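# Summary of structural features
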Amino acid sequence: MKMAKKDYYEVLGVSRDATQDEIKKAFRKLARKYHPDVNPGNKEAEERFKEINEAFQVLSDPQKRAQYDQYGHSTFRTEDFAGFRWPNFEDLFRDFGFEDIFDVLSGRGRTRRTRAREGVDLRYDLEITLEDAFNGLTTTIEVPHYSECTTCHGTGAQPGSLQKCPLCDGTGEIRRVQRSPFGQIVQITTCGKCGGSGSFSTKLCETCRGEGRVKKLKKIEVKIPKGVDDGQYLRIPGEGEPGTNGGAPGDLYVVVHVKKHDIFDRSDADLFCETTIDLGTAVLGGEVEIPTINGSAKLKIPKGTQSHTVFKLSGQGMPRINSNSRGDQYVKVIVHIPEKLTRKQEKLFRELFMEKEDTGKGFFDKIRDNF
């Protein structure tokens, strides 16, 4: 008695609502394991592969799959699969997206040098001041980079001397057919005569000396936005090295370096500075003028301010990139203590601190006048 066939979904190990992509992946996975080229002389593997292939032929065809889902195996006859020839093992990998595996095994990967390649990215370091970073800056920089030789148009050969390579007939590749356990594999290597270019010349271009490119200084306008910070960079697309064989050019990255400032330290959008006030202002209070990144501002000092007190000037910091807001400025107040006193100054201090005389505000006014 002939055994009933297995469910096709079970054969491939997929669910009944599997997508076509899932069915294809399941088939490739099983085929790599049971393909006759991998298992020469193994009848069990050969029968298993036939079963796998039969399931795939039905489930990969939307019309056949719909018939199978409705009527089962009775819809199909054995003769429907009699003319099937299983695919070459290499083809399974190619359809599955692994052609690079065979390229590497056969040496074909070396021919990639003739394919289009993107140009190399370039870096340019630009030093600016903190004021430049505050206001934004438009400047022109000169970037040394390679460009295609206008004499030979990138061939490296003297005009009129370029010839088609007779060894590879202009393809840049040498092909050899080899047999392997997996079937026939075409070994492709780079042509040794033309180096894979498909052409050669015995006379090099006098301008670029055979390189096909020349080094030049290119002027590029760069716009530095307001609020840029040290170490940030700008990407300028297409201003890097040119590509080869029709490849896209690389990009230019301008790295910004902000010089150290004489007055301000910076943290993100906030600025920090110090200012010195006299003892009288610290005791009695007052108003002092503070430098800012774009001018100056008045800072009110309350009575009894201690040295190293930090005050905040809201909105007096650096601009935030892509925003209308600004950071804050923080001012550390240092109270100046005189190292030497005149006799008059010393007398006033003694009256205040040692004799503990209640002299009132007029006394402090005298101190301020004498410092």
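The residue numbers shown here count from 1 along each chain, following its written sequence. In keeping with the model being predicted, local features are shown solely for residues with a pLDDT of at least 70 and side-chain atom pairs are shown and tallied solely at 80 or more, while totals for entire chains, interfaces and linings include all residues. Hydrogens and waters are ignored; side-chain quantities use all the structure's heavy atoms.

### Focus on unusual backbone geometry
- Unlike most non-glycine residues, His308 shows phi in positive territory, near 75°.
- With respect to the helices, strands and loops of the structure, His308 is situated in the loop between β13 (295-301) and β14 (309-313).
- Even without glycine at this site, Asn322 takes up a positive phi of about 60°. Numbered from the N terminus, helices here are DSSP runs of H or I no shorter than four residues, and strands are runs of E no shorter than two.

### Concerning helix α2 (residues 20-34)
- Here the expected length of a helix is defined as 1.5 Å per residue gap, with one fewer gap than residues. Its 15 residues place the ends of α2 21 Å apart at the C-alpha level, agreeing with the 21 Å of an ideal helix rising 1.5 Å per residue.
- Three exposure classes are used, based on accessible area relative to the maximum for each residue type with a 1.4 Å probe and protein chains only: buried under 20%, partly exposed in between, and exposed over 50%. By the burial criterion, the buried members of α2 are Ile23, Ala26, Phe27, Arg28, Leu30, Ala31 and Tyr34.

### Observations concerning the environment of Leu252
- Within the secondary structure, Leu252 is located in strand β9 (residues 252-258).
- Along the primary structure Leu252 and Pro237 are separated by 15 residues, whereas in three dimensions their C-alpha atoms are 6.4 Å apart.

### What about helix α3 (residues 43-59)?
- Here α3 spans 24 Å end to end across 17 residues, near enough to the 24 Å set by a 1.5 Å rise per residue.
- Listing the buried residues of α3 in full gives Ala45, Phe49, Ile52, Asn53, Glu54, Ala55, Phe56, Val58 and Leu59.
- Definition of a polar contact: a pair of N or O atoms within 3.5 Å, with one able to donate and the other able to accept a hydrogen when the atoms are protein atoms, and with sequence-neighbouring residues admitted only if both atoms are side-chain atoms. Between the side-chain oxygen of the N-cap and the backbone nitrogen of Glu44 there are 3.1 Å, and the N-cap of α3 in question is Asn42.

### Some details on the sheet that holds strand β10 (residues 265-267)
- Ordered in space as β10-β11-β15-β14, the four strands form an open sheet in which the pairing is mixed. Only two strands of the sheet have a single neighbouring strand rather than two, namely β10 and β14. Taking the axes of each pair of neighbouring strands and ignoring which way they run, one obtains an average angle of 30° across the sheet.
- Pairing between strands is defined by DSSP: at least two bridges between the two strands are required. Of the pairings in the sheet, the one linking strand β11 (residues 270-278) to strand β15 (residues 329-336) comprises eight bridges and is parallel in character. Lines fitted to the C-alpha atoms define the axes, with helices restricted to the stretch that makes contact. Angles between their N-to-C directions range from 0 to 180 degrees.

### Considerations on the pattern of salt bridges
- A side-chain nitrogen of Lys or Arg and a carboxyl oxygen of Asp or Glu constitute a salt bridge if their distance falls within 4 Å. Applying the stated criterion across every chain, the model contains 14 salt bridges.
- Here Arg123 ties to Asp125 by a salt bridge, and the two come within 2.9 Å at their closest N and O atoms.
- Classification of Arg123 as exposed rests on a relative accessible area of 56%.
- If you follow the salt bridges from partner to partner, you end up with Asp7, Arg16 and Asp69 in one network.

### What to know about the packing of α2 against α3
- Direction vectors running N to C along α2 and α3 enclose 165°, while the axes themselves pass 10 Å from each other. Our classification of the angle between α2 and α3 gives roughly antiparallel. Two packed elements cross with a definite hand, and for α2 against α3 that hand is left-handed. Residues Gln20, Ile23, Lys24, Phe27, Arg28, Leu30, Ala31 and Tyr34 of α2 pack against Ala45, Arg48, Phe49, Ile52, Asn53, Phe56 and Leu59 of α3. Angle categories: roughly parallel below 35 degrees, roughly antiparallel above 145, roughly perpendicular from 65 to 115, and oblique for all the rest. Less than a right angle of anticlockwise turn of the near helix away from the far helix marks a crossing as left-handed, whereas a clockwise turn marks it as right-handed. The contact definition used throughout considers only heavy atoms, calling two residues in contact when any of these lie within 4.5 Å.

### Points about the pairing of β9
- The element β9 is extensively covered by neighbouring structure, given that five of its seven residues are classed as buried.
- With seven bridges connecting them, strand β1 (residues 122-128) and β9 associate as parallel partners. Paired with Ile128 across the strands is Val258, a residue of β9.

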